[in-house]
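Residue-level structure breakdown
Given next are the chains, with one letter for each unit.
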Amino acid sequence: MRRTLVSSAIGVVMVGATLTPAAAADPIAQPSTLQAGEPQQRRLATAPPGTETARRCQDASALPTTPADGKRGRAAHVTGTLRSTVRFVSLPAGAEDDGSLAKATDTGIGTGRSGIHVTGTVGDGPHGGKGDGTGDFDFYRLRARAGQTITAKITKGSVDAALTLYDASGQVLAGADDSAGTLAPTLISKAAGTGTYYLMVAGSGTRPQDPSDSGSGNGVSSEGAYTLSLSAAVPHTRYHAVHLRAGDVVGAAVDGSPDKVAIYGPDGTEDEGSTGDVAHHHPASSPLPSGRISLDDVAAEDGWYCVAVSGDTRGSYRLRLLATRPRLEGTGDEQTIFLDFDGARIDPSVFASSGLPVTPGLRTTSPLSAFLDAWGLPASAEKPLADAITADVRRRLRTDLAAGGINKRFGVRVLSSEHDADPGAAKNVDRVVIGGTIEETDLPTLGVTSSIDPGDFDTSDTSIVLLDLLSGPADDTISLNHYMKPTSDRITFISTVVSNLVSHEIGHALGNWHTATDGTSTLMDNDSTFLGTGPDGIGGTADDDVPQSFGTDAFTDADGLTGVEDTAVRTAYALSR
């Protein structure tokens, strides 16, 4: 039975991915250093709406900055110390079977202690790989008060772990499955009310269908030992303010004791919070800083932004920040997107930072025409299908974003191999290969991109959307044939789905992360909404969903990020000229 598609940090993949840290440039030249808390003359122009974070941001000290990134941007360093109200105690490993709410190990948190360290093993229970194979889960019970933050961290171990937080009724409240650049996730969630909560440790990509039934898993994922740090407290947070212009590309990197770094917009909204090193997925040419944890953002408006550093462990930290402008802005050059339907010679190693297993060496991919027969289309459909895909991509990248009026310097060219000469290695050309198979490329994916690149600092990205699964047998729910009937408009359905995937991968190349499966459908969603079959479940009919577009949606917890991502802003400013 084919496994359900899940997503990696870049692209849609069929299996959990191993992330290998990549080198990232440290761009901050001649930084000034400020001890956290030293007074600076700064106030927000207006007070953001009424959260505690917003009030703290209003009073934050401004970061002094110096020219950096070739004087296109500004950089700052700040050092500080976090206090901690958590006193950790060590617990023995929980006794199996601890794979459900009722069988959870009691941590004592909230009834006499505030934090614990515990070792455990995913896979040693009766439902693990040596048992019935439905999947092993380790549950831990704790109490928290309203306003406290529950922090769970895998601090070491051999398992590719995932963390899930449940309330007392078994509803999922939060999850973390891989923080960027590491297989050791961190979950941070504020308790909405006083009560009992449950933290589950499992292999990546797995959850029980029923948290009250330890045997309700859907199979074995990664197994191995781990060390868990778990607390419920009000973590210490330090706030630092920086004034940004609309379109500023911002990177903040933190080393030391903190668990999370976040940036808040002028209205107090969390633009992005990170518990991993997002710079792991940036191209080598990106100037944004890398650290133990880091974030990236693109300012949507002029104003004061607030960077918050927090954690449940006492210790010092070093924050580095860079605010710069998109790569092509002011050059007069446009980014070109070349859609290659003709088959290509491609080296899968360009996708190494995605976490996919890659085998270096040039591979030849099949063209779009090789898949027409499997979709029930004649050879004469090649040009209409390629033209429809191109038109959809152009609409998303040119018409929609231009109409949004986000960026007055916006510009992009979308070319197609159906009508335009191959630009080869010309500068400022992102190539999207549309065709090929898993067997040809050894890439277990529907689509993948070479980097996530806010500001478009690498103007020669490579992406690929493979077509073998999409054109497979009709009994496979991944295949578009599963959703087409004799009444289906096949070219319209196939072109919409493929252009959704192509635009999704281009979105990564222009700096966007995955967004959540939460009922809001956008191009960067981390689910199967790209199919857009509508209420009747049949593709190519009148009730098909509106084709996806860039927009505003919450980050998915699968990437270790929190907050609200404006993918239209990120994309529009990446395409500055």
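Residues numbered from 1 in each chain as written. Predicted model: local features only at pLDDT ≥ 70, side-chain atom pairs only at ≥ 80, totals over all residues. Heavy atoms only, no water.

This brings us to the overall build of the protein. Per the secondary structure count, the protein includes 5 helices and 33 strands. Its C-alpha atoms give the protein a radius of gyration of 24 Å, near enough to 25 Å, the size a compact globule of 577 residues would have. Taken over the C-alpha atoms alone, the protein extends approximately 75 × 60 × 45 Å along its principal axes. The buried share of the protein, taken over its 577 residues, is 58%. In the protein, 77% of the contacts between residues at least 6 apart in sequence involve partners at least 24 apart. When the accessible surface of the protein is split by element, carbon and sulfur atoms take 50% of a total near 21,800 Å². (Helix = DSSP H or I, 4+ residues; strand = E, 2+ residues; numbered from the N terminus. Rg over C-alpha atoms; globule rule 2.2 N^0.38 Å. Buried < 20%, exposed > 50% of the residue type's maximum accessible area, 1.4 Å probe, protein only. Contact = heavy atoms within 4.5 Å. Areas by Shrake-Rupley, 256 points an atom, 1.4 Å probe, with all protein chains shown as cover.)

Time to look at the sheet that holds strand S14 (residues 186–190). With mixed pairing, the 5 strands of this open sheet are ordered in space as S7-S9-S16-S11-S14. The open sheet is flanked by strand S7 (88–91) and S14, the only strands paired with a single partner. Between one strand and the next, the sheet's axes are offset by a mean angle of 20 degrees, whatever the strand orientation. Here 5 bridges tie strand S11 (residues 149–157) to S14, and the two strands are oriented antiparallel to one another. By the bridge assignment for S14, Lys-153 is matched with Thr-186. (Pairing = 2+ DSSP bridges. Axes fitted to C-alpha atoms, helices over the stretch in contact; angles between N-to-C directions.)

By secondary structure assignment, the location of Asp-342 is in the loop between strand S24 (335–340) and strand S25 (345–346). Looking at Asp-342, the relative accessible area reads 47%, which means it is partly exposed. For the pair formed by Asp-342 and Thr-441, sequence separation is 99 residues and the distance between their alpha carbons is 16 Å. Contacts of Asp-342, omitting those with residues within four sequence positions, involve Pro-367 and Ser-417.

For the rest of this paragraph, the subject is the state of the cysteines. Overall, the coordinates contain 1 disulfide when judged by the stated rule. The residue that forms a disulfide with Cys-57 is Cys-306, at a sulfur-sulfur distance of 2.3 Å. Taking the torsion about the S-S bond as the criterion, the Cys-57 to Cys-306 disulfide, at about -80 degrees, is left-handed. Taken together, the residues span a long stretch of sequence, with Cys-57 in helix H1 (residues 52–58) and Cys-306 in strand S22 (residues 303–311) at a distance of 249 residues. Look at Cys-57 and you get buried, because its relative accessible area is 6%. By relative accessible area, which is 4% here, Cys-306 ends up buried. (Disulfide = S-S within 2.5 Å.)

Residue alternation in strand S30 (residues 462–465) divides its side chains into two sets, Thr-462 and Ile-464 and Ser-463 and Val-465, and both sets are buried. With 4 bridges connecting them, strand S28 (residues 429–434) and S30 associate as parallel partners. Opposite Val-432, over in S30, you have Ser-463 as the bridge partner. Strand direction decides the pairing type here: strand S29 (residues 445–449) and S30, joined by 3 bridges, are antiparallel.

By secondary structure assignment, the location of Thr-496 is in helix H4 (residues 490–509). Classification of Thr-496 by relative accessible area gives buried; the value is 17%. Beyond its immediate stretch of four places on either side in the chain, Thr-496 contacts Asp-392, Arg-396 and Pro-547.

Because the α-helix completes a turn every 3.6 residues, residues three or four places apart line up on one side. Across its 20 residues, H4 extends 29 Å between first and last C-alpha, which sits within 8% of the 28 Å expected from 1.5 Å per residue. For H4, the tally of buried residues reaches 17 of 20 residues, placing the bulk of the element in the interior. Following H4 by one or two positions, Gly-511 adopts a phi angle in the positive range, close to 110 degrees. (Expected span 1.5 Å × (residues − 1).)

Quick look at helix H2 (residues 382–404) now. Given a rise of 1.5 Å per residue, 23 residues ought to cover 33 Å, and the 32 Å separating the end C-alpha atoms of H2 matches this to within 8%. For H2, the complete set of buried residues consists of Leu-385, Ala-386, Ile-389, Thr-390, Asp-392, Val-393, Arg-396, Leu-397 and Leu-401. Against the buried residues of H2 lie S24, strand S27 (412–416), S28, H4 and helix H5 (567–574). Gly-405 occupies a position one or two residues after H2 and carries a positive phi of about 65 degrees.

Within a sheet, neighbouring strands are paired by backbone hydrogen bonds and run either parallel or antiparallel to one another. Strand order in the open sheet formed by 6 strands is S4-S17-S22-S19-S20-S32, with mixed pairing between adjacent strands. Where the open sheet ends on each side, the last strands, each with one partner, are strand S4 (61–62) and strand S32 (561–562). Relative to S22, strand S19 (residues 260–264) runs antiparallel, the two being bridged by 5 bridges. Counted as the bridge partner of Lys-260 is Ser-310 from S22.

Model confidence for the protein is summarised by a mean pLDDT of 89, while 90% of its residues fall at 70 or above. Contacts of residues 1–50 to residues separated by more than four positions or lying in other chains number 153 contacts, the stretch itself having pLDDT below 50. (pLDDT = per-residue confidence, 0-100.)

Here the focus is unusual backbone geometry. Apart from glycine, the bulk of residues carry a negative phi angle, and the bulk of peptide bonds sit in the trans form. Cis geometry marks the peptide bond from Glu-96 to Asp-97; its omega dihedral reads 5 degrees. Positioned with a positive phi, Lys-71 is a non-glycine residue whose angle comes to about 65 degrees. By secondary structure assignment, the location of Lys-71 is in the loop between strand S5 (66–68) and strand S6 (73–82). Since its relative accessible area comes to 76%, Lys-71 is described here as exposed. Even without being glycine, Asn-428 reaches a positive phi, approximately 60 degrees. Here Asn-428 shows up in the loop between S27 and S28. Under the relative-accessibility criterion, Asn-428 is labelled buried at 7%.

Below, the discussion takes up the pattern of salt bridges. Evaluated as defined, the whole model comprises 19 salt bridges. In this structure, the salt-bridge partner of Arg-325 is Glu-329, at a minimum N-O distance of 2.8 Å. Arg-325 sits in the buried class, given a relative accessible area of 8%. In this structure, the salt-bridge partner of Asp-340 is Arg-431, at a minimum N-O distance of 3.1 Å. (Salt bridge = Lys/Arg side-chain N within 4 Å of Asp/Glu carboxyl O.)

Relative to the helices and strands, Glu-382 is located in helix H2. Take Glu-382: its relative accessible area is 21%, and that puts it in the partly exposed class. Setting aside its immediate chain neighbours within four residues, Glu-382 contacts Leu-368, Ser-369, Leu-372 and Glu-418.

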